[in-house]
Amino acid sequence: MTKPVKLEGDDRDKALAALADHGWSIADGRDAISKTFAFSDFNEAFGWMTRVALVAEHMNHHPEWSNVYKTVEVTLSTHDVGGLSQLDVAMASKMDRLAG
């Protein structure tokens, strides 16, 4: 795996614009992105989290998240670079695809 690089300038702007089209936004007070995923019930939410966990392990890039019943709050940031990186963009895209 390549070393993560902090997104800056035009690359950051383009990535944030594309993510915003899918419901991602800048996390308050952090160089991170966040999104709330809502599912039909707890089983669907937890199943999605399990699938994402397998991807996260493979990528060695783990989300900050919390789950209450059918809702999962997610925040992505790359601690190694102190902010948003291409790993966060890739993880966000994978999460969106797995959510359907």
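Residues numbered from 1 in each chain as written. Predicted model: local features only at pLDDT ≥ 70, side-chain atom pairs only at ≥ 80, totals over all residues. Heavy atoms only, no water.

Q: Describe the nonpolar core, and please don't skip the residues or the numbers.
A: Here is a general trend for soluble globular proteins: nonpolar side chains tend to be buried in one another's company. In terms of nonpolar packing, the biggest core is built from 22 residues, with Trp24, Trp48 and Met95 touching the most fellow members. Of all the elements in the fold, those that place two or more residues in this core are helix H1 (9-20), strand S2 (33-38), helix H2 (42-59), strand S4 (71-76) and helix H3 (86-99). The residues touching Met95, leaving out its near neighbours within four places in the chain, are Trp24, Phe37, Trp48, Val52, Pro63, Trp65, Val74 and Leu76. (Core = buried A, V, L, I, M, F, W, Y, C linked by side-chain atoms within 4.5 Å. Buried < 20%, exposed > 50% of the residue type's maximum accessible area, 1.4 Å probe, protein only. Helix = DSSP H or I, 4+ residues; strand = E, 2+ residues; numbered from the N terminus. Contact = heavy atoms within 4.5 Å.)

Q: Tell me about the packing of H2 against H3, and name the residues and values.
A: Running from amino to carboxyl end, H2 crosses H3 at an angle of 150°, the nearest separation of the two axes being 10 Å. Between H2 and H3, the angle is such that the two are roughly antiparallel. By crossing handedness, the relation of H2 to H3 is classed as right-handed. On H3, the residues touching Trp48, Arg51, Val52, Val55, Ala56 and Met59 of H2 are Leu87, Ala90, Met91, Lys94, Met95, Leu98 and Ala99. Taken together, the residues of the contact of H2 with H3 sort by class into eleven nonpolar, no polar and two charged. (Axes fitted to C-alpha atoms, helices over the stretch in contact; angles between N-to-C directions. Parallel < 35°, antiparallel > 145°, perpendicular 65-115°, else oblique. Left-handed = near helix turned anticlockwise from the far one by under 90°. Nonpolar A, V, L, I, M, F, W, Y, C, P; charged D, E, K, R; others polar.)

Q: Describe the packing of aromatic side chains, with residues and values.
A: Applying the stated rule across the entire model yields six aromatic pairs. Considering the side-chain rings of Phe37 and Phe39, the 6.4 Å spacing of their centres and the 10° angle between planes classify their relative orientation as stacked. Of the two residues examined, Phe37 and Phe39, each falls in the buried class. Look at Phe39 and Trp48: their rings are 5.2 Å apart centre to centre, the planes differ by 40°, and that puts the pair in the tilted class. According to the relative accessible area criterion, Phe39 is buried, its value standing at 8%. The exposure class assigned to Trp48 is buried, which follows from its relative accessible area of 0%. (Phe/Tyr/Trp six-rings, centres within 6.5 Å; stacked < 30°, edge-to-face > 60°.)

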